[in-house]
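# Observations on the model geometry
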Amino acid sequence: MERMSDQPARWSQATVHPDMWADPDDDPRNSEGVSPDGELATLQDFLTNYRMTLRMKCEGLDAEQLARRSVPPSTMSLLGLVRHLAEVERDWRNWISPGDPLPKLYGKRDADFDGAVAEQAEVDAAYSDLAREQAATDAALAEHPDLGERLGKDGIVARELMVHRIDEYARHCGHADLLRECIDGRVGQ
């Protein structure tokens, strides 16, 4: 009699297996070198690695796969996550700028997810939007290297904004793990 298991047949420990994102020896996020010096450099390193993780989880998929929704009634998809993170990068910049807020990239609430359709032009635009908004937010924050500085109309502390950014990417990388696993069985590491 065969024993039932709660583990899927392809389940594996964190070792080299074909369903992993990258060979651990070649993973661009892993570094055997010296860790960053200082709080700001450490926060920036974590943010960079989570951004890279999101891109890795989307690599090799076509427009239909990237736009594929998770479980109804959710509108979450990998493409929606890319669009959402572009939108929140812009929103974070609004938190620290003294002027009028920039308009939403995709319109009404949840349009970042709702408008994630399976068209290559939408995929290309989403990646372009994300890169542009990340660069703009990074540049705006680079003008404020003191993590204790209060920014914007509401006086948000730069440190809080950096941690919030890391938290947002980390949470959505967890979503991306599950979305990607449903698409083609690849698992996170």
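Scroll up for the structure.
In what follows, the accompanying structure is described. (Residues numbered from 1 in each chain as written. Predicted model: local features only at pLDDT ≥ 70, side-chain atom pairs only at ≥ 80, totals over all residues. Heavy atoms only, no water.)

What the rule picks out here adds up to 15 salt bridges. Measuring nitrogen to oxygen at the nearest pair gives 2.6 Å for the salt bridge that ties Arg 159 to Glu 39. Separated by 120 residues along the polypeptide, Arg 159 in helix H6 (residues 158–184) and Glu 39 in helix H1 (residues 39–58) bring together distant segments of the chain. The partner of Arg 165 in a salt bridge is Glu 89, and the shortest N-O contact between them spans 3.0 Å. With Arg 165 in helix H6 and Glu 89 in helix H3 (residues 78–96), this pair connects stretches of sequence that are 76 residues apart. Given a relative accessible area of 1%, Arg 165 falls into the buried group. Each of the salt bridges in this network shares a partner with another, and the network as a whole consists of Arg 90, Arg 93, Asp 129, Arg 132 and Glu 133. (Salt bridge = Lys/Arg side-chain N within 4 Å of Asp/Glu carboxyl O. Helix = DSSP H or I, 4+ residues; strand = E, 2+ residues; numbered from the N terminus. Buried < 20%, exposed > 50% of the residue type's maximum accessible area, 1.4 Å probe, protein only.)

Okay, the nonpolar core next. One finds Leu 66 and Leu 78 to be the most contacted residues of the largest nonpolar core, which totals 40 residues. When residues of this core are traced back to their parent elements, those giving at least two are H1, helix H2 (63–67), H3, helix H4 (111–114), helix H5 (120–142) and H6. The residues contacting Leu 78, other than those within four sequence positions of it, are Lys 57, Cys 58, Leu 61, Leu 66, Ala 176, Leu 179, Arg 180 and Ile 183. (Core = buried A, V, L, I, M, F, W, Y, C linked by side-chain atoms within 4.5 Å. Contact = heavy atoms within 4.5 Å.)

Attention now moves to the packing of aromatic side chains. Within the structure shown, the criterion is met by 0 aromatic pairs. The ring of Tyr 106 has Arg 83 sitting right over it, with the charged end atom 3.9 Å from the ring centre. (Phe/Tyr/Trp six-rings, centres within 6.5 Å; stacked < 30°, edge-to-face > 60°. Lys NZ or Arg CZ within 6 Å of the ring centre and 35° of its normal.)

The next subject is unusual backbone geometry. Look at the link from Pro 72 to Pro 73: it is a cis peptide, with omega at 10°. A positive phi angle is found at Asp 110, which is not glycine, with a value near 70°. For Asp 110, the location among the structural elements is in the loop between H3 and H4.

A word on H5. An ideal rise of 1.5 Å per residue puts 33 Å on 23 residues; H5 measures up with 33 Å between its terminal C-alpha atoms. Regarding H5, the residues found buried are Val 123, Ala 126, Tyr 127, Asp 129, Leu 130, Glu 133, Gln 134, Thr 137, Ala 140 and Leu 141. Looking at the buried residues of H5, the elements they touch are H1, H2, H3, strand S1 (150–151) and H6. (Expected span 1.5 Å × (residues − 1).)

One can find Glu 168 in helix H6. On the basis of relative accessible area, Glu 168 is assigned to the buried category, the value being 7%. Beyond its immediate stretch of four places on either side in the chain, Glu 168 contacts His 84, Leu 85, Val 88 and Trp 92.

It is the contact of H1 with H6, at a shortest axis distance of 9 Å, that shows an interaxial angle of 25°. In terms of their interaxial angle, H1 and H6 are classed as roughly parallel. Both H1 and H6 take part in a crossing whose hand is left-handed. Taken together, the residues of H6 that come into contact with H1 (itself represented by Glu 39, Leu 43, Gln 44, Phe 46, Leu 47, Tyr 50, Arg 51, Thr 53, Leu 54, Met 56, Lys 57 and Cys 58) are Arg 159, Met 162, Val 163, Arg 165, Ile 166, Tyr 169, Ala 170, Cys 173, Ala 176, Asp 177 and Arg 180. For the contact of H1 with H6, the per-class residue count stands at 14 nonpolar, 2 polar and 7 charged. (Axes fitted to C-alpha atoms, helices over the stretch in contact; angles between N-to-C directions. Parallel < 35°, antiparallel > 145°, perpendicular 65-115°, else oblique. Left-handed = near helix turned anticlockwise from the far one by under 90°. Nonpolar A, V, L, I, M, F, W, Y, C, P; charged D, E, K, R; others polar.)

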